[in-house]
Amino acid sequence: NRRKLMPQAPRRLRFLPFDPSTKRSEAVLSQGDQTLHVVKGAPAVVAALTTGAVLSQSDVDGLAGQGCRVLAVAAGPEGHLELAGLVALLDQPREDSETVLQELNGLGVRVVMVTGDSSATAQAVAAKVGIQGRSCPPDGLRQQEVSQSLDCAIFAGVFPEDKFRLVQAFQKQDHQDFSNCLAVESRPAAHRGIRHHATSDSVAFVRQRFCHHILGR
């Protein structure tokens with residue numbers, strides 16, 4: 001019974017939403033005469049804020065290796081946070097994802113994965129859907145010469161602005177409609193990508209089959 005475990009529910013005083021630049025979110029709660037800080041975010045970031053229990057990197061790697069997005073949670077008075085545990089979020093690919101990608105490959109369409117998730121998580125998901133190739137950190141997308149990173153199959157740990165740079169770099173090499181299916185949180189990149197309207201059979205297939213597939217339409 002929740003009331004027996006927590007007779008007085010804490011009152012939220014302040015909430016800082018997730019910030020890609022800090023890779024964490026934070027809530028400040030009032031419980032009785034205590035003020036608690038609760039932090040959730042990338043395991044390495046949260047672990048750096050804690051005292052006491054040490055984060056088990058093997059647990060993080062094990063969950064990420066299954067394709068889970070792994071978050072750490074810490075709580076306590078300001079400046080004295082203690083690790084509370086890990087949260088693993090798993091979004092299984094649709095059953096026909098691999099088949100769709102095979103159809104795209106057969107049409108000569110190159111598919112890359114661009115994600116804010118860790119490299120380990122991205123590689124595990126890529127393996128499930130048949131995307132093969134090396135995984136690259138986002139550092140290459142933040143350099144002046146982005147084109148040197150375009151041979152990667154997986155771009156992990158990226159920010160929305162990194163996706164925009166990636167779209168621009170692909171378009172400079174005459175790749176068309178690269179970003180038609182970017183998620184809605186990447187509107188600048190998607191807007192940049194859909195400016196180039198192509199009429200080839202392969203691009204039409206991407207729009208009609210692939211975009212509808214990954215967006216669940």
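Check the entry above for the structure.
Note that the structure is predicted; figures quoted are calculated from it, not measured.

Basis of the calculations
Residues numbered from 1 in each chain as written. Predicted model: local features only at pLDDT ≥ 70, side-chain atom pairs only at ≥ 80, totals over all residues. Heavy atoms only, no water. Helix = DSSP H or I, 4+ residues; strand = E, 2+ residues; numbered from the N terminus. Contact = heavy atoms within 4.5 Å. Areas by Shrake-Rupley, 256 points an atom, 1.4 Å probe, with all protein chains shown as cover. Buried < 20%, exposed > 50% of the residue type's maximum accessible area, 1.4 Å probe, protein only. Pairing = 2+ DSSP bridges. Phe/Tyr/Trp six-rings, centres within 6.5 Å; stacked < 30°, edge-to-face > 60°. Lys NZ or Arg CZ within 6 Å of the ring centre and 35° of its normal. Core = buried A, V, L, I, M, F, W, Y, C linked by side-chain atoms within 4.5 Å. Arc of directions from axis to C-beta.

(A) The arrangement of the overall build of the protein in detail. A count of helices and strands for the protein gives 8 helices and 9 strands. Contacts in the protein between residues at least 24 apart in sequence constitute 48% of all its contacts with a sequence separation of at least 6. For the protein, the accessible area works out to roughly 13,300 Å², and carbon and sulfur atoms hold 50% of it.

(B) The arrangement of helix α5 (residues 119-129) in detail. For α5, every residue scored as buried is listed here: Thr121, Ala122, Ala124, Ala126 and Val129. The inward-facing, buried residues of α5 abut α3 (57-64), β5 (69-76), α4 (97-106), β7 (113-114) and β9 (154-155). Gly130 sits one or two residues past α5 and shows a positive phi near 90°.

(C) Structural view of the pairing of strand β1 (residues 11-19). Where β1 and strand β2 (residues 24-31) come together, 6 bridges link them in antiparallel fashion. Residue pairing for β2: Phe15 is matched across the bridge by Ala27. The turn linking β1 back onto β2 is made up of 4 residues, and Lys23 within it adopts a positive phi angle of 60°.

(D) Expanded view of the packing of aromatic side chains. Evaluation of the coordinates by the stated rule reveals 0 aromatic pairs. Geometry around Phe159 places Arg142 over its ring, the cationic atom sitting 4.6 Å from the centre.

(E) How the structure looks around the nonpolar core. Counting residues in hydrophobic clusters, the biggest one holds 13 residues, and the most contacted among them are Leu101, Leu104, Met113, Ile131 and Ile154. At the level of elements, α4 and α5 are the ones that each hand at least two residues to this core. Not counting chain neighbours up to four residues away, the residues in contact with Ile154 comprise Met113, Ala122, Gln123, Ala126, Gly133, Arg134, Ser135 and Cys136. The next biggest cluster of nonpolar side chains, apart from the first, holds 12 residues, and it includes Val114, Leu150, Cys152 and Phe155.

(F) Focus on the sheet that holds strand β8 (residues 135-136). Pairing within the open sheet is parallel, and its 3 strands lie in the order β7-β9-β8. Here the strands that pair on one side only, and so sit at the sheet edges, are β7 and β8. Judged from the 2 bridges that link them, β8 and β9 form a sheet pairing that is parallel. By the bridge assignment, Cys136 is partnered in β9 with Phe155.

(G) Highlighting the sheet that holds strand β3 (residues 34-41). Across the sheet, 6 strands lie side by side as β1-β2-β3-β5-β6-β4; this open sheet has mixed pairing. Pairing within the sheet leaves two strands with one partner each, and these edge strands are β1 and β4 (50-51). Pairing between β4 and strand β6 (residues 81-89): 2 bridges, direction parallel. Counterpart to Thr50 in the pairing with β6 is Leu81.

(H) Structural detail: the environment of Leu16. Positionally, Leu16 belongs in strand β1. In this structure the C-alpha to C-alpha distance between Leu16 and Ala27, which are 11 residues apart in sequence, comes to 6.2 Å. Leave out the neighbours within four places in its chain, and Leu16 touches Ser25 and Glu26.

(I) Up close: α4. Within the span of α4, buried status applies to Ser97, Val100, Leu101 and Leu104. Looking down the long axis of α4, one finds its buried residues gathered within 95° of arc, a one-sided arrangement. Following α4 by one or two positions, Gly108 adopts a phi angle in the positive range, close to 80°.

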